Structure formats: structure tokens, C-alpha cells
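Take a look at the letters that make up each chain.
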Amino acid sequence: MKRLLFVLLCVFGLEGKNYEVKMLDIDEKGETMVFDPAFLHIEVGDSVTFVPTHKSHYVQSKVIPEGAKHFLSELDEEVTYTFDTEGIYIYVCPPHQMMSMVGIIQVGKPTNLKKVKEAIPKLERRAMTNKGRLSEYAKQIKE
Ligand SMILES: [Cu+2]
């Protein structure tokens, strides 16, 4: 009986929501080398699954909140990360970082907003195409 209760709690109560981010060569709006959605606001305990809808993409975290763990996935592999530390995460697709294949995940409150604001111009400077994308995404951060 105890075990059943535990299972039910896991299924209905304790698990966070799961969100999906597609890794795309081109999206419906014609944006190239892009995550969809590129900005997500989730809660602590929620998870994000990166889906290799198109080939030759993966994800690597660049800016994370203090106490969080960096992530790095395998090429063309679907991967799910659970976010247990509040704050803002900026990640890139390493082979397409110069084409601004970047994304932001806000988990709860933006605890590391100052660091993020400092990092954005530095990350943006390396972009050859789709310049300014990261700044656009960052406008969706909620304080
Ligand atoms: Cu890519």
C-alpha cells in the first residue's frame, strides 16, 4: 500500500511539467538554425526535452545560475534535463553558435539576471548571422 501511494505521488503530484524544444535548421517563420521555442519560462522541478527534429544539432549550457550544473548533450541525441536550480540558463548549439543558435530557459525567478546581462553582449559579439537574436529572447525574461 505504501509503495502504491509512493507511485501515485510520483505520477500525479511531485513530478514537474515537461517541455519540448525542437532543434531546427529552419522554422515556420523562416528563421534558420534555431531552437523552437527559444525562450522558455518554467518552474523549479520542470524538465525540458531537446528534440533533434533536424540533424547535426546538440546543446551546451553557457551561463547558468550559481549552484546549478552545466549540461552538454550528444550530437543528434534526444535529451531531457530537469531544472532544480532557480535562475536563467543560456545555452547554445556549439556547431551553430556563430549563427546564433541560442536559447534561454528561465527557471522561476531570474536570480542571476546581472550575470546574464553581462554575458549577452559577449555571446552576441561572436555571432556572424542572426545577430541580436539573444537580446530579443532576453526581452522575455520576467523579473
Ligand atoms: Cu545546431
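Computed from a prediction, not measured in an experiment: that's the story for all the values here. Sequence order as written defines residue numbering, which begins from 1 separately in each chain. For this predicted model, a pLDDT threshold of at least 70 governs which residues receive local features, and a threshold of 80 or more governs which side-chain atom pairs are given and counted, while totals over whole chains, interfaces and linings are taken from all residues. Side-chain figures throughout are based on the complete set of non-hydrogen atoms in the structure, without hydrogens or water.

## A look at the overall build of the protein
For clarity, the cut-off: Note on conventions: DSSP H or I runs of at least 4 residues are helices, E runs of at least 2 residues are strands, and numbering of each starts at the N terminus. Throughout, radius of gyration means the C-alpha value; the globule benchmark is 2.2 Å times the number of residues raised to the power 0.38. Burial status follows relative accessibility: with a 1.4 Å probe on protein chains alone, a residue under 20% of its type maximum counts as buried, one over 50% as exposed, and anything between as partly exposed. Should any heavy atoms of two residues lie within 4.5 Å, those residues are counted as being in contact. Each accessible area is a Shrake-Rupley estimate made with a 1.4 Å probe; only the visible protein chains count as cover when residues are assessed.
A count of helical and extended segments in the protein gives three helices and eight strands. Counting helices and strands in the order they occur from the N terminus, the protein gives α-β-β-β-β-β-β-β-β-α-α. Its C-alpha atoms give the protein a radius of gyration of 16 Å, within 12% of the compact-globule value 15 Å for 143 residues. Its C-alpha atoms give the protein principal-axis dimensions of roughly 60 × 35 × 25 Å. Each of the 143 residues in the protein was classed as buried or not, and the buried ones make up 43%. For the protein, contacts bridging at least 24 residues in sequence account for 66% of all contacts bridging at least 6. Only carbon and sulfur atoms are counted for the fraction: they give 55% of the accessible area of the protein, which is about 8,700 Å².

## So, the environment of Y137
Along the polypeptide, Y137 turns up in helix α3 (residues 133–138). What makes Y137 buried here is its relative accessible area of 12%. The contact partners of Y137, leaving out residues within four places of it in the chain, are V34, A38, F39, V102 and I104.

## Digging into the coordination of the copper ion
Which entries qualify depends on this criterion: The donor set comprises N, O and S atoms within 2.8 Å of the metal, extended to 3.2 Å for Na, K and Ca; water molecules are omitted, so apparent gaps in a site may simply reflect that omission. A four-donor site is classed as tetrahedral when every donor-metal-donor angle falls between 85 and 135 degrees; four donors are called square planar, and six octahedral, when trans pairs exceed 155 degrees and all remaining angles lie between 65 and 115, with any other arrangement labelled irregular.
Around the copper ion, the protein contributes the donor atoms H57 (ND1), C93 (SG), H96 (ND1) and M101 (SD), at 2.0 to 2.6 Å from the metal centre. Coordination at the copper ion comes from four donor atoms whose angles at the metal span 92 to 128°, giving a geometry best classed as tetrahedral. In the primary structure, the donors to the copper ion are separated according to the pattern H-x35-C-x2-H-x4-M. Within this pair, whereas H57 is found in the loop between β4 (47–51) and β5 (60–63), its partner M101 is found in the loop between β7 (87–92) and β8 (102–107), the two being separated by 44 residues in sequence.

## Here's the deal with the pairing of β7
Test applied: Strands were regarded as paired on the criterion that DSSP finds at least two bridges between them.
Along β7, six of the six residues are buried, which leaves the element largely enclosed by surrounding structure. Looking at chain direction, β5 and β7 are connected through three bridges and run antiparallel. In the sheet register, Q60 faces β7, and the bridge partner there is V92. Summarising the sheet, β7 and β8 pair through six bridges and their orientation is antiparallel. Bridged to Y89 within β8 is I105.

## A word on the side chain of S73
Examined against the element boundaries, S73 turns out to sit in the loop between β5 and β6 (79–82). For S73, a relative accessible area of 8% puts it in the buried group. Ignoring any residue separated from it by four or fewer positions in sequence, one finds S73 in contact with Y58, V59, V79 and Y81.

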